[in-house]
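Structural overview for review
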Amino acid sequence: MEIKVDTLQSDNGVLSIADGTQLDFGDSGALVLPGSVVNFAFVEYDGRTSTSCNNNSFTVIPQMEIEIERKVSGSSFHIAFMINGECTSHDHGLTVHRRPANGSWSLIGYNTDVGTQRWSGVNHGWYDRDNNSTPYNMSGIWYDPSPSNSSFPVGSKIGYTVGTRSSNSGNRTFWINRTDSRIGQNAYENMVSAGYVMEIAP
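The notes below deal with the structure included here. Residue indices follow the written sequence of each chain, beginning from 1 at its first position. Only residues with pLDDT of at least 70 are given local features in this predicted model, and only at 80 or more are side-chain atom pairs given and counted; all residues enter the totals for whole chains, interfaces and linings. Hydrogens are left out, water is left out, and the side-chain values use all remaining heavy atoms of the structure.

Re the nonpolar core
To keep things clear, this is the line we draw: What we call a nonpolar core is a set of buried Ala, Val, Leu, Ile, Met, Phe, Trp, Tyr and Cys residues that are connected through their side-chain atoms within 4.5 Å. Buried, partly exposed and exposed residues are distinguished by accessible area as a fraction of the type maximum, computed with a 1.4 Å probe on protein chains only: under 20%, between the cut-offs, and over 50%, respectively. Numbering goes from the N terminus for both helices and strands, where a helix is a DSSP run of H or I of at least four residues and a strand is a run of E of at least two.
Formed by 25 residues in total, the largest nonpolar core has its most connected members in Met-64, Phe-81, Tyr-160 and Phe-174. Counting only elements with at least two residues in this core, the list comes to β1 (37-45), β4 (66-69), β5 (76-87), β6 (92-100), β9 (136-144), β10 (157-166) and β11 (172-176). A total of five residues in this core trace back to one element, the largest contributor, which is β5.

Focus: the pairing of strand β7 (residues 106-109)
The condition that has to hold: One requirement defines pairing of two strands: DSSP has to find at least two bridges between them.
Across three bridges, the pairing between β6 and β7 is antiparallel. When the sheet's bridge partners are listed, His-97 is paired in β7 with Leu-107. Adjacent in sequence and paired antiparallel, β6 and β7 are bridged by five residues, among which Asn-102 carries a positive phi angle near 60 degrees.

Quick word on the pattern of salt bridges
Keep this limit in mind: One side-chain nitrogen of Lys or Arg within 4 Å of one carboxyl oxygen of Asp or Glu is enough to make a salt bridge.
According to the stated counting rule, one finds three salt bridges in the structure shown. Residues Glu-65 and Arg-99 are paired through a salt bridge, measuring 2.9 Å at the closest nitrogen-oxygen approach. Residue Glu-65 is found in the loop between β3 (59-60) and β4, and its partner Arg-99 is found in strand β6; the two are separated by 34 residues along the sequence. Take Glu-65: its relative accessible area is 22%, and that puts it in the partly exposed class. Assessed through its relative accessible area of 17%, Arg-99 is described here as buried.

Some thoughts on the packing of aromatic side chains
Worth spelling out the cut-off: A pair of Phe, Tyr and Trp rings is counted when the ring centres sit within 6.5 Å of each other, with Trp represented by its six-membered ring. The angle between the planes then sorts it: under 30 degrees is stacked, over 60 is edge-to-face, the rest tilted. Two conditions define a charge sitting above a ring: the NZ of Lys or the CZ of Arg must be within 6 Å of the ring centre, and it must be within 35 degrees of the ring normal.
Applying the stated criterion to the full structure yields three aromatic pairs. By way of ring pairs, the aromatic residues Phe-40, Phe-42 and Tyr-196 are connected into one cluster. The aromatic ring of Trp-175 is capped on one face by Arg-178, whose charged end is 3.9 Å from the ring centroid. Lying over the aromatic face of Tyr-188, Arg-182 brings its terminal NZ or CZ to 5.3 Å of the ring centre.

Here's the deal with the layout of surface pockets
Defined as follows: Only protein atoms enter the 1 Å grid used here. Points where a 1.4 Å probe fits but cannot escape make up a cavity, open sets with protein on both sides within 12 Å along at least five of seven lines make up a pocket, and a residue lines them when an atom lies within 4 Å of a point. Grid points are joined across faces, edges and corners, and a volume is the space filled by probe spheres set on the points. Throughout, the ten residues Ala, Val, Leu, Ile, Met, Phe, Trp, Tyr, Cys and Pro are labelled nonpolar, Asp, Glu, Lys and Arg are labelled charged, and all others, Gly among them, are labelled polar.
Approximately 420 Å³ is the volume attributed to the largest pocket. Leu-8, Leu-15, Ser-16, Ile-17, Thr-21, Gln-22, Leu-23, Asp-24, Phe-25, Gly-26 and Leu-31 together form the lining of the largest pocket. Of the residues contributing to the lining of the largest pocket, the split by class is six nonpolar, four polar and one charged.

Description of the environment of Val-114
Here is the rule: Any pair of residues with heavy atoms lying within 4.5 Å of one another is described as a contacting pair.
With respect to the element layout, Val-114 can be found in the loop between β7 and β8 (123-124). Residue class for Val-114 comes out partly exposed when judged on its relative accessible area of 37%. C-alpha of Val-114 to C-alpha of Val-197: the two residues are 83 residues apart in sequence and 26 Å apart in space. Discounting residues that sit within four places of it in the chain, Val-114 has contacts with Trp-119 and Ser-120.

Focus on unusual backbone geometry
A positive phi angle is found at Asn-131, which is not glycine, with a value near 45 degrees. Assignment of secondary structure puts Asn-131 in the loop between β8 and β9. Overall, the relative accessible area of 18% leaves Asn-131 in the buried class. In this model, Ser-146 sits at a positive phi of 45 degrees, which is unusual for a non-glycine residue. Within the secondary structure, Ser-146 is located in the loop between β9 and β10.

Details of the side chain of Arg-99
For the record, the criterion: Between N or O atoms, a polar contact is any pair within 3.5 Å; within protein, one atom must be a potential hydrogen donor and the other a potential acceptor, and residues adjacent in sequence are included only when both atoms are from side chains.
At 3.3 Å, the side chain of Arg-99 forms a polar contact with the backbone oxygen of Gly-103. Among all residues touching Arg-99, those that are not within four sequence positions of it are Glu-65, Ser-104, Trp-105, Phe-152, Lys-157, Ile-158 and Gly-159.

What about the state of the cysteines?
The condition that has to hold: Any two cysteine sulfur atoms within 2.5 Å of one another count as a disulfide.
Within the structure shown, the criterion is met by zero disulfides. Cys-87 supplies the cysteine sulfur nearest to Cys-53, a cysteine that is in no disulfide, at a spacing of 4.1 Å. Owing to a relative accessible area of 0%, Cys-53 belongs among the buried residues under this scheme. Since its relative accessible area comes to 0%, Cys-87 is described here as buried.

In structure tokens form, the structure reads like this:
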């Protein structure tokens, strides 16, 4: 049996589902409640690699990109990254970036009070006395409130990733999931970096 309606409304404001009854929304259907998570995507990366950490531009880390397909118009996105590694200097920061599918990256996560200065980000490197054998952990948390429905329509994919930049006049190298001086051995640890994006219904 199939029933098609636009609105279900109860006389007393309560819709009851009989015990033992399941709601099947099919492959593309969904029950959307305000503030509920309607989609989820994640990345785990255990490669031991490097990325530029320049002083004159924000450099995205492509290995950490998360693509998520938008399910609901007007939705928002909660973004969380955990990056492990070590930079050739502790003077660097972490930023958050967004793009449409196969499009160009835009900087969205940084200290908006300062603006897009080289020392502006969502997190910074730990103080490291030798930049040699001691990796550290950086988190990048950001909330992207209701990206444009015209630029990111329902059914399209949105990419999120983190970026890095030197916070002074020197160019650096940021090593991911490894220490600065060794790719991995006794006392030179290897890690896993990860992140997730949740789409939240309006």
